[in-house]
Amino acid sequence: SAVISQKPSRDICQRGTSLTIQCQVDSQVTMMFWYRQQPGQSLTLIATANQGSEATYESGFVIDKFPISRPNLTFSTLTVSNMSPEDSSIYLCSVELLLGDSYEQYFGPGTRLTVT
Amino acid sequence: AQSVTQPDIHITVSEGASLELRCNYSYGATPYLFWYVQSPGQGLQLLLKYFSGDTLVQGIKGFEAEFKRSQSSFNLRKPSVHWSDAAEYFCAVGERMGGSEKLVFGKGTKLTVNP
């Protein structure tokens, strides 16, 4: 398995500002992912972040709104830019571990963001 | 596109009773299927997964799930529920695309356990 930490664990931000969320994993991984979990909803993939290449965004998510960095194999950041109340969500990072012919994704504890 | 349906938004069971959480998926190829649990204020913990082989898979915390291709289902079961099992449970289907994996989650089932 993998141990994943996120900072901050929660934050309250004003609309129009930006917040950068950090994700740190205890081992080197190729694949990292960022998800959003809106209140009372399921998880939706925002983007896949691979080291050494630009992030790949899912439909409905754009780089200008959610810029992602992946400077090395153990760290990534997600920025939520020009925030509005609709961005209030839990943001989770995850990593993929290959296990023989299968794989598993492990999740961080999440960052609970409230935009006022 | 793949999708996951969890028909039950909320289930309440008594401690010691058996549990079955339903999950149906829509996916054209052989699916990779997962169950995760999210306790209040926590991240997601992987309970079990199905990739191939035996259609009955065992997971952590006494959970098991059965893959039924004919019914496009991957239901989660536990013979005797403990109060600590109260949480939200998510079923997910994974699709391998271009060397990376995409997980598509169902909307989740919230489990309440009565003493």
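Rules of the game
Residues numbered from 1 in each chain as written. Chains lettered and ligands numbered in written order. Predicted model: local features only at pLDDT ≥ 70, side-chain atom pairs only at ≥ 80, totals over all residues. Heavy atoms only, no water. Contact = heavy atoms within 4.5 Å. Buried area = accessible area lost by both parts, 1.4 Å probe. Salt bridge = Lys/Arg side-chain N within 4 Å of Asp/Glu carboxyl O. Polar contact = N/O pair within 3.5 Å; in protein donor to acceptor, adjacent residues only side chain to side chain. Helix = DSSP H or I, 4+ residues; strand = E, 2+ residues; numbered from the N terminus. Nonpolar A, V, L, I, M, F, W, Y, C, P; charged D, E, K, R; others polar. Buried < 20%, exposed > 50% of the residue type's maximum accessible area, 1.4 Å probe, protein only. Pairing = 2+ DSSP bridges. Axes fitted to C-alpha atoms, helices over the stretch in contact; angles between N-to-C directions.

Draft legend 1. Representation of the interface of chain A and chain B within the structure. Listed as interface residues are 22 residues of chain A and, on the opposing side, 22 residues of chain B. When the two sides are added together, the surface that chain A and chain B hide from each other amounts to roughly 1800 Å², 52% of it contributed by carbon and sulfur. Here chain A is connected to chain B by 2 salt bridges. Ionic pairing is found between Lys102 of chain B and Glu58 of chain A, a salt bridge with its closest N-O pair at 2.9 Å. Joining chain A to chain B, the criterion identifies 6 residue pairs in polar contact (both at pLDDT 80 or more). Elements that contribute at least two residues to the side of chain A that touches chain B include exactly strand E4 (31–37), strand E5 (43–50), strand E9 (89–99) and strand E10 (102–107) of chain A. Each residue belonging to the side of chain A that touches chain B can be placed in one class, and the counts come to 11 nonpolar, 7 polar and 4 charged.

Draft legend 2. Inspection of the pattern of salt bridges at higher detail. All names here are of chain A. By the definition in use, this model includes 7 salt bridges over all chains. The shortest N-O distance in the salt bridge between Lys65 and Asp87 comes to 2.7 Å. Residue Lys65 is located in the loop between strand E6 (56–57) and strand E7 (68–72), and its partner Asp87 is located in the loop between strand E8 (75–80) and E9; the two are separated by 22 residues in the primary sequence. Each of the two residues, Lys65 as well as Asp87, counts as buried.

Draft legend 3. Highlighting the sheet that holds strand E1 (residues 4–7) of chain A. Residue and element names in this part refer to chain A. If you walk across this open sheet you meet the 4 strands as E1-E3-E8-E7, and the pairing is antiparallel. Each having just a single partner strand, E1 and E7 make up the two edges of the open sheet. Each strand axis lies, on average, 15 degrees off the axis of its neighbour in the sheet, ignoring direction. In this sheet, E8 lies alongside strand E3 (residues 19–25) in antiparallel orientation, the contact comprising 6 bridges. Counted as the bridge partner of Gln24 is Phe75 from E8.

Draft legend 4. Highlighting the pairing of strand E9 (residues 73–78) of chain B. All names here are of chain B. Where burial is concerned, most of E9 is hidden: 5 out of the 6 residues are buried. Where strand E3 (residues 19–21) and E9 come together, 3 bridges link them in antiparallel fashion. Within E9, the residue paired with Leu21 across the bridge is Leu76. By the bridge criterion, 5 bridges tie strand E8 (residues 64–68) to E9 in an arrangement that is antiparallel.

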